[in-house]
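Per-entry structural report
Below, each chain spelled out in residue letters.
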Amino acid sequence: MGSFVWGCVTDFFTYETTKSVVVKSWSVGIINRIVQLLIISYFVGWVFIHEKAYQVIDTGIESSVMTKVKGFGYHQDQVMDVADYVFPQQGARVFCIMTKLIITENQFQGRCAELMEKFNCTTDEHCYEHFGSIFSNGIITGVCLKPSNDSEGQCEIEGWCPAENDSVKISPMLDVNNFTIFIKNSIRFPLFDVTRGNFPSTMTAQQIKSCTYHPETNPSCPIFRVGDVLNYTGQNVTGLADKGGEIGINIVWKCNLDLDIEYCVPKYSFTRLDAPFAKNDISKGYNFRFAKYFKTENGTDFRTLHKAYAIRFDVMVTGSAGKFDTIPTLINLVAAFTSVGLGTVLCDIILLNFLKGADQYKAKKFEEVSEAQIEASLAPSPGSQLSLKPGIKSSYDSGALSLATSDQPI
């Protein structure tokens, strides 16, 4: 029993190594080194330098955005200020700058003729076809209102009268080109407890008031001229003011916290969000309606309806921050060292299948042992070449030969 335990202990504290075959071939050697160089270049250049795989990354950015628009413009011979053309007025990250306004004044609840050509009629039966229509300015009553019996009329609606006529031609407010947008953005990376703002804390109020954003000459200025923003997207006020549109302002935070925190600054980009519908006649541009309500002296409600065409701005904030960490560094180093072995696999495939002399390489690399040879080795005979010398043991783990200390030359 003691000898069995001792044998297990000695077998456990042994070292086994693989057998290497050196192939002196220029072509295979060059392929092997090229593959290894490509793998090492990939991990060094892309994984570690570009992707910074040695860092732990925080993508759960917390963000707050406040916006403010400044400027004056003329619309229908009236001066428009911020309270007239910005919706909503709370300074949210999504806001609209109105460019054109169609006003229908003094609407009262009652019955009147629908003004759209779609609801033209000659008899009441023509109006029955529009029962339940959602495209009218009120509920279709089924009555055809005509100036005379032999003329064409319009279907009657019940709702706010007179009906809105949004086909009138109104010149848009092109002064929006010179309006400015102030964006105040604060972010926080909770994993590292890092908080930043989109303009330097050392910037004075006078500097902010006098600056205008430019991607090269003034990238830290938080004030954006509307005309410049549209130009960055390949658009202009003339093309968007009549029907409106949707513009995205992207604030991207990519912070390497291994460097000084002052290098953690945002980058801005601009895009037209409704580009897929720009050439579509259906739902082209951007518009919305709102009303202002009043009461007459006798308590009757009436309203003024506004249909506004506007440029809608969406301020979107994304980002990530990274900092050195031991665990991802070790994981990617192990992956790099393991991947270098792919060169050996590729070279083996070439040697075993495509090069001249593949049979000789197979004979050197692989050693086949039959059951008869194993049985002969376990039953040693003085004249057998397969018998093991005294002191040499067979390893059942890998098929390698284990040399005893007594067999080593002194």
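For the structure, see preceding data.
Before going further, it helps to examine the pattern of salt bridges. A complete count under the given rule lists 13 salt bridges for this structure. Between K295 and D301 there is a salt bridge, with its nearest N and O atoms 2.8 Å apart. A residue is classified by how much of its surface remains accessible, and D301, at 40% relative accessible area, is partly exposed. Connected through shared salt-bridge partners, E164, D166, R289 and K307 make up one network.

Okay, the side chain of R303 next. If you trace the backbone, R303 turns up in strand 16 (residues 301-324). Salt bridges are absent for the buried R303, whose nearest opposite-charge side chain, E164, sits at 7.7 Å. A distance of 2.7 Å separates polar atoms of two side chains, one belonging to R303 and the other to Q107. Ignoring anything within four residues of it in the chain, the contact list for R303 reads T104, E105, N106, Q107, W160, A291, K292, Y293 and F294.

On to the nonpolar core. By size, the foremost hydrophobic cluster in this structure holds 53 residues, and its most contacted members are Y85, I97, W253 and F313. Counting residues per element, this core draws most heavily on strand 16, which supplies seven residues. Once you skip the residues sitting within four places of it in the chain, I97 turns out to touch V69, Y85, V176, F179, V226, A310, I311 and F313. Counting 10 residues, the second largest nonpolar core, distinct from the first, contains F119, C127, C155 and C161.

So, about the pairing of strand 8 (residues 139-145). Of the two faces of strand 8, only the one carrying I140, G142 and C144 is buried; I139, T141, V143 and L145 on the other face are not. Bridging between strand 8 and strand 9 (residues 153-161) involves four bridges; their strand directions are antiparallel. Of the residues in strand 9, the one forming a bridge with C144 is C155.

What counts and what doesn't
Residues numbered from 1 in each chain as written. Predicted model: local features only at pLDDT ≥ 70, side-chain atom pairs only at ≥ 80, totals over all residues. Heavy atoms only, no water. Salt bridge = Lys/Arg side-chain N within 4 Å of Asp/Glu carboxyl O. Buried < 20%, exposed > 50% of the residue type's maximum accessible area, 1.4 Å probe, protein only. Helix = DSSP H or I, 4+ residues; strand = E, 2+ residues; numbered from the N terminus. Lys, Arg positive; Asp, Glu negative; His and termini not counted. Polar contact = N/O pair within 3.5 Å; in protein donor to acceptor, adjacent residues only side chain to side chain. Contact = heavy atoms within 4.5 Å. Core = buried A, V, L, I, M, F, W, Y, C linked by side-chain atoms within 4.5 Å. Pairing = 2+ DSSP bridges.

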